[in-house]
Amino acid sequence: MPDVAEILIPLALDTAYSYVVPEGLRLAEGDVVQVPLGPRETVGVVWGLSHSPGGSNLRPVTGRVDVAPLSEPLRRLVDWIARYTLAPKGSALALVLRLPDEAAARETARVAVRVSGKPPARRTAARDKVLAAAGDGALHGKSALAKRAGVSLGVVDGLIDDGALEAVAVEPEPVAPPPDPDHPRVPLSEAQEAAAALLMPTAAIPLDPSSAGPLPLAERGRGGGGSESSAPVPSEPSPPPAPPRKGEERPIADRRDHSGQFSSLTPTLSRTEAGAGRGAGAGAVLLEGVTGSGKTEVYFEAVAHCVRAGRQALILMPEIALTAQFLDRFAARFGVRPAAWHSGIGGKRRERLRAAVAAGEALVVVGARSALFLPFRNLGLIVVDEEHEAAYKQEDGVHYHARDMAVVRGRLEGCPVVLASATPSIETRVNAERGRYRHVRLPERFGGRRLPDITAIDMRLDGPERGRFLSPPLINAIKANLAAGEQALLFLNRRGYAPLTLCRACGHRYRCRNCSTWLVEHRFRKALVCHQCGYAEPRPQACTECGTFDNLTPCGPGVERIAEEVSELFPDRRVIVLSSDFPGGAERLRMELEAVAAGECDIVVGTQLVAKGHNFPHLTLVGVLDADIGLTSGDPRAAERTFQLLQQVTGRAGRGERPGRALVQTYQPTHPVIAALLSGDAERFYAEEVMAREAAGLPPFGRLAALVVSAAEREAAEAHGQALARAAEPPPGVMVLGPAEAPLALVRGRYRFRLLVKTERNIDLQGYLRHWLARAPKPRGNLRVAVDVDPQSFL
DNA sequence: AGCACGCCGACT
DNA sequence: GTCGGCGTGCTC
């Protein structure tokens, strides 16, 4: 009775393939194997094993690959991600399975040399220099020694062959030195202690036994782990519905009532699937703390707790936040830098770290998105820092949101997940609200520092002079601030000098030839640049359209223009412009940021780059030059994003001795975003956002797309649109809402019938709808069907 | 992912 | 008349 193995191959295949297990090969689920596939050999993972009664004509498994097998939770994560993101299972497997790459294998081990004591058989001047440089009995890197002696590597090699130098294989420095959870640290504030205690798994040992009293009810969040909640429990079965099967009938989604249909907004697992038995303390916690409240220190305590228990911890961060500054903070708490995983680490180091993670030796890994798929052996905690960051969204290949997948992995591994942010995303707030996540707040700033006072400057009343962008109240505030010897930050989320250039003679506006956007003037570079595609041309002297000389005029401000104005107002002050296109590259930018933090500058003019990451201890005034930017964009998340950005930027003020303040220039002081910023009432703002979306018939978050049927005849377009809505089974996880509000439009001589489609998931909606359309009723004759996804339509 | 098959434009 | 573009399909 031959054994049959179901092998999942990391290709875009949705099913595992069957192979016979040859005599003598013992396989277990999760084993990595090599199998024949068509004309070649590939790797795959044993996804299932069974006995086949008869003989079979299946091809045999070639053999096992000597790497750590995929753990059960990890295999289930693959299944889950595939089902949730509507991606082929094999593609999901590819996220996890990275074979030791050949380039890494070819890297040679480092060799060091030292003087053996045996005199060289032959002496030359070059050899003497090397021996002199090697001096003592200390170890030297081969090439370093050659360099120091001023000779070529050949001489050193010659001495090794000779026996005068002995070669010693260098023990590679540990990829993940053990962090010390009890490393001396600065004591936490009371609020931090309390929050840290709340992060600990409820069933586990409290952080500090003496402080482990009953928890204040308000801090407890609703619903503990989520499942015992009295809040409405999602009625929709989760995990998500299975992928479509041919011929299977499915009722069309109720198109009128979408209330209650969005309960599987974020990954959830049924209890049975949630790592039953290991699940003590599992569940997600939103750790919300205002800028400067010391969130990091709080979750470091949870990490320490996890390490003490001998389990592994993963800290996920957006790639840009993964800085040396953060690693140093970690080192200050744990005595060593953590193992860092990001796209930049490669070769041997990557492989060794992966192996250390699989072996359970790497206790703490700090990593970007992809670290989520490392083969942890006994994961005890996941922290997702800056939970709201859009960088967690993977938008090619398998589309997923790393934050959500982290929650899923936590459930599968039976470990808690901490989502940390000063400005949590709307979906996480909704989840906390509904009792799915616990909610822990850090309302105070560390060291008793106060939040900055935020005041609006109504530009309709107190606006600047013509052609200027700084209002008198803001100028006065800067003056006062400078007089007090403190730093000011002027924030404008626009790079360059001016976002639009036009010719005063003919009115020609300079736009990108590839995109439909305006070309942004960069005065420093003397160029007009497209911020969409990077196209650039030298700034012309004469209008390229009408030839008029010296009559081009910049419209609107960018940071360079603001800096110019500031320099005119305060000629003897040090002003710096900080934006992502900083001349000299990322390295110089980092140095400048440090210089600013050290106080070597009076006024910073910056884009959103200054909103996060770096701390500026001397900064007490933030001026927002145009709070209205972004409010009117087509992005349905515009309000939320703008609010988060403004909250982060204004939060930069006041880390010095006196509380900071922020002045916000706006033409719409009563706009909900501005009002919320001024009142600081984020909760209410988000509640209102959700209500507004509900009122508009939209889910609190998700993605919208439109199926566009177009035809020369109005009737044909409409009929086919209706047919699509009715006859075709919508893709799982996607809902056809029916005709959009204005379903018919005449565009360039063709009638367009629009069907609104939505999903609450972070998936490749466009790709999936195309796939779905291929199976839907075929359009006939003059009809065309297209999928139109607003690229920014993540609600 | 590879590699095949397959149907429409510019060329020895 | 072919060479070749890369659009779907298949690999147990």
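By the naming in an unreviewed UniProt entry, chain A is Replication restart protein PriA, taken from Methylobacterium dankookense. Listed under Sequence similarities (unreviewed entry) in UniProt, the entry text for chain A is "Belongs to the helicase family. PriA subfamily." You can read under Function (unreviewed entry) in the UniProt record for chain A the words "Initiates the restart of stalled replication forks, which reloads the replicative helicase on sites other than the origin of replication. Recognizes and binds to abandoned replication forks and remodels them to uncover a helicase loading site. Promotes assembly of the primosome at these replication forks."

Asks: Which parts of the structure should I look at to understand the overall build of chain A?
Replies: Secondary structure assignment for chain A yields 21 helices and 32 strands. When each of the 795 residues of chain A is scored for burial, the buried share is 50%. Within chain A, residue pairs in contact and separated by at least 24 positions form 75% of the contacts whose partners lie at least 6 positions apart.

Asks: I'm lost on the packing of aromatic side chains in this one. Help?
Replies: Aromatic rings considered in pairs are described by the distance between their centres and by the relative angle of their planes. Evaluation of the coordinates by the stated rule reveals ten aromatic pairs. Here Trp 80 and Tyr 84 contribute two aromatic rings whose centre-to-centre distance is 4.9 Å and whose plane-to-plane angle is 20°, an arrangement assigned as stacked. On the criterion of helical spacing, the pair formed by Trp 80 and Tyr 84 is a turn pair, its members being four residues apart in helix α1 (residues 72-85). Taken together, the ring pairs in this structure connect Tyr 299, Phe 300, Phe 326, Phe 330 and Phe 334 into an aromatic cluster. For the cation-ring pair, Arg 523 lies above Tyr 497, with the distance from its terminal atom to the ring centre recorded as 3.8 Å.

Asks: It is not clear to me how the nonpolar core should be interpreted in this structure. Could you clarify?
Replies: Where a protein is soluble and globular, its nonpolar side chains tend to be buried together. Leu 199, Leu 287, Tyr 299, Val 303, Leu 314, Ile 315 and Leu 353 are the most contacted members of the largest nonpolar core, which has 89 residues in total. Take this core: its biggest share by element is eight residues, from helix α8 (residues 295-308). Mapping this core onto the domain boundaries places at least three of its residues in each of domain 1 (4-97) and domain 3 (190-206 + 251-444). The contact partners of Leu 199, leaving out residues within four places of it in the chain, are Val 285, Leu 287, Val 298, Tyr 299, Ala 302, Val 418, Arg 438 and Val 440. Within the second largest apolar cluster, 38 residues are counted, among which are Leu 578, Leu 619, Val 622 and Val 624.

Asks: Explain the side chain of Arg 333 to me, please; I cannot follow it from the model alone.
Replies: Examined against the element boundaries, Arg 333 turns out to sit in helix α9 (residues 324-334). Taking the relative accessible area as the measure of exposure, Arg 333 reaches 6% and is therefore buried. Among the polar contacts made by the side chain of Arg 333, one reaches the main-chain carbonyl oxygen of Pro 181 at a distance of 2.9 Å. Excluding residues that lie within four positions of it along the chain, Arg 333 makes contacts with Asp 180, Pro 181, Asp 182, His 183, Arg 185, Phe 300, Glu 301, Ala 304 and Arg 308.

Asks: Got a minute to help me understand the UniProt feature "binding site: Zn(2+) 2" (unreviewed entry) in chain A in this structure?
Replies: Sites flagged by UniProt as "binding site: Zn(2+) 2" (unreviewed entry) map to Cys 512, Cys 515, Cys 530 and Cys 533. Annotated residues spanning 22 residues; largest pairwise C-alpha distance 8.6 Å, indicating a single compact cluster. If you trace the backbone, Cys 512 turns up in the loop between β20 (500-503) and β21 (520-522). Exposure remark for Cys 512: the relative accessible area of 4% places this residue in the buried category. With respect to the secondary-structure elements, Cys 515 resides in the loop between β20 and β21. Non-local contacts of Cys 515, meaning those with residues more than four positions away in its chain, are made with Cys 530, Gln 532 and Cys 533.

Asks: Help me understand the protein's contact with DNA strand C in this model?
Replies: Around DNA strand C sit Leu 13, Tyr 17, Ser 18, Tyr 19, Pro 36, Leu 37, Gly 38, Leu 58 and Arg 59, and that is every residue in its neighbourhood. In this structure, Gly 38 approaches DNA strand C through a main-chain N or O atom, which is 3.1 Å from a sugar or linking oxygen. Elements with a contribution of two residues or more to the surface near DNA strand C: β2 (17-21) and β3 (32-37). Here the surface near DNA strand C gets three residues from one element, more than from any other, and that element is β2. Residues belonging to the surface near DNA strand C are distributed by class as follows: six nonpolar, two polar and one charged.

Asks: Before we go on, may I ask you to explain the sheet that holds strand β6 (residues 111-115) in this structure?
Replies: Note: strands within a sheet are paired through backbone hydrogen bonds, in either parallel or antiparallel orientation. Read across the sheet, three strands follow the order β7-β6-β8 without closing on themselves; strand pairing throughout is antiparallel. Lying at the two open borders of the sheet, with one neighbouring strand each, are β7 (140-141) and β8 (165-169). Sheet topology places β6 next to β7; two bridges connect them, and they run antiparallel. Each bridged residue has a counterpart across the sheet, and for Val 113 the counterpart in β7 is His 140.

Asks: Help me understand the pattern of salt bridges, please; the structure alone is not making it clear to me.
Replies: Pairing is possible between side chains that carry opposite charge, provided their charged atoms lie close to one another. One pass over the structure, following the stated rule, counts 34 salt bridges. Where Asp 128 meets Arg 123, a salt bridge forms, and the shortest distance between an N and an O atom there is 3.2 Å. Between Arg 403 and Glu 387 there is a salt bridge; the shortest N-O distance is 2.9 Å. One end of the pair, Arg 403, is in helix α11 (residues 402-413); the other, Glu 387, is in the loop between β13 (379-384) and β14 (393-394), with 16 residues separating them in the sequence. Under the relative-accessibility criterion, Arg 403 is labelled buried at 1%. By relative accessible area, Glu 387 is classed as buried at 0%. Several salt bridges converge on common partners, so that one network encompasses Glu 288, Arg 429, Arg 441 and Glu 683.

Asks: For this particular structure, what's the right way to read the sheet that holds β3?
Replies: Within the open sheet, the five strands sit side by side as β2-β1-β4-β3-β5. Their pairing is antiparallel. At either end of the open sheet lies a strand with only one pairing partner, and these are β2 and β5 (63-64).

Asks: What am I meant to see in the side chain of Thr 296 here?
Replies: Following the sequence through the fold, Thr 296 ends up in helix α8. Excluding its chain neighbours within four sequence positions, the residues that come into contact with Thr 296 are Phe 326 and Arg 329.

Asks: Honestly, the environment of Pro 443 in this entry has me stumped. Any pointers?
Replies: Position of Pro 443 relative to the elements: it lies in the loop between β17 (438-442) and β18 (453-458). Taking the C-alpha atoms as reference, Pro 443 lies 25 Å from Ala 488; in sequence the two are 45 residues apart.

Asks: Whenever I open this one, the domain arrangement of chain A confuses me. Can you help?
Replies: You'll often see interface size given as the accessible area lost when the parts meet. The assigned domain composition of chain A is domain 1 (4-97), domain 2 (110-170), domain 3 (190-206 + 251-444), domain 4 (453-494 + 557-679), domain 5 (497-556) and domain 6 (701-789). Distance between the C-alpha centres of domain 1 and domain 4: 54 Å.

Asks: Sorry if this is basic, but what is going on with the pairing of β3 here?
Replies: Of all the six residues making up β3, five are buried; the element is thus mostly covered by neighbouring parts of the structure. Taken together, the six bridges between β3 and strand β4 (residues 40-51) define a ladder with antiparallel strand orientation. Note that in β4 the partner of Pro 36 across the bridge is Glu 41. Here β3 hands over to β4 after two residues, with Gly 38 in that stretch at a positive phi of 60°. Relative to β5, β3 runs antiparallel, the two sharing two bridges. From the neighbouring strand, Val 33 faces β5, where its bridge partner is Arg 64.

Asks: For this particular structure, what's the right way to read the environment of Asn 57?
Replies: Relative to the assigned elements, Asn 57 resides in the loop between β4 and β5. In the structure, Asn 57 is positioned 495 residues away from Leu 552 in sequence and 76 Å away in space, judged by C-alpha atoms.

Asks: It is not clear to me how helix α14 (residues 472-483) should be interpreted in this structure. Could you clarify?
Replies: Structural remark: α-helix, 3.6 residues per turn; residues separated by three or four positions point the same way. When the terminal C-alpha atoms of α14 are compared, their 16 Å separation across twelve residues agrees well with the 16 Å that a helix rising 1.5 Å per residue should span. For α14, every residue scored as buried is listed here: Leu 474, Ile 475, Ala 477, Ile 478, Asn 481 and Leu 482. Down the axis of α14, the smallest arc covering the buried residues is 160°, so these residues share one side. Buried positions along α14 lie against β18, β19 (487-491), α15 (559-569), β26 (603-606), β27 (619-624) and β28 (661-666). Remark: Gly 485 follows α14 within two positions and exhibits a positive phi of approximately 75°.

So, how was this worked out
Residues numbered from 1 in each chain as written. Chains lettered and ligands numbered in written order. Predicted model: local features only at pLDDT ≥ 70, side-chain atom pairs only at ≥ 80, totals over all residues. Heavy atoms only, no water. UniProt positions renumbered as here; feature names shortened; annotations may be inferred. Helix = DSSP H or I, 4+ residues; strand = E, 2+ residues; numbered from the N terminus. Buried < 20%, exposed > 50% of the residue type's maximum accessible area, 1.4 Å probe, protein only. Contact = heavy atoms within 4.5 Å. Phe/Tyr/Trp six-rings, centres within 6.5 Å; stacked < 30°, edge-to-face > 60°. Lys NZ or Arg CZ within 6 Å of the ring centre and 35° of its normal. Core = buried A, V, L, I, M, F, W, Y, C linked by side-chain atoms within 4.5 Å. Domains from an automatic or database assignment. Polar contact = N/O pair within 3.5 Å; in protein donor to acceptor, adjacent residues only side chain to side chain. Near = heavy atom within 4 Å. Nonpolar A, V, L, I, M, F, W, Y, C, P; charged D, E, K, R; others polar. Pairing = 2+ DSSP bridges. Salt bridge = Lys/Arg side-chain N within 4 Å of Asp/Glu carboxyl O. Expected span 1.5 Å × (residues − 1). Arc of directions from axis to C-beta.

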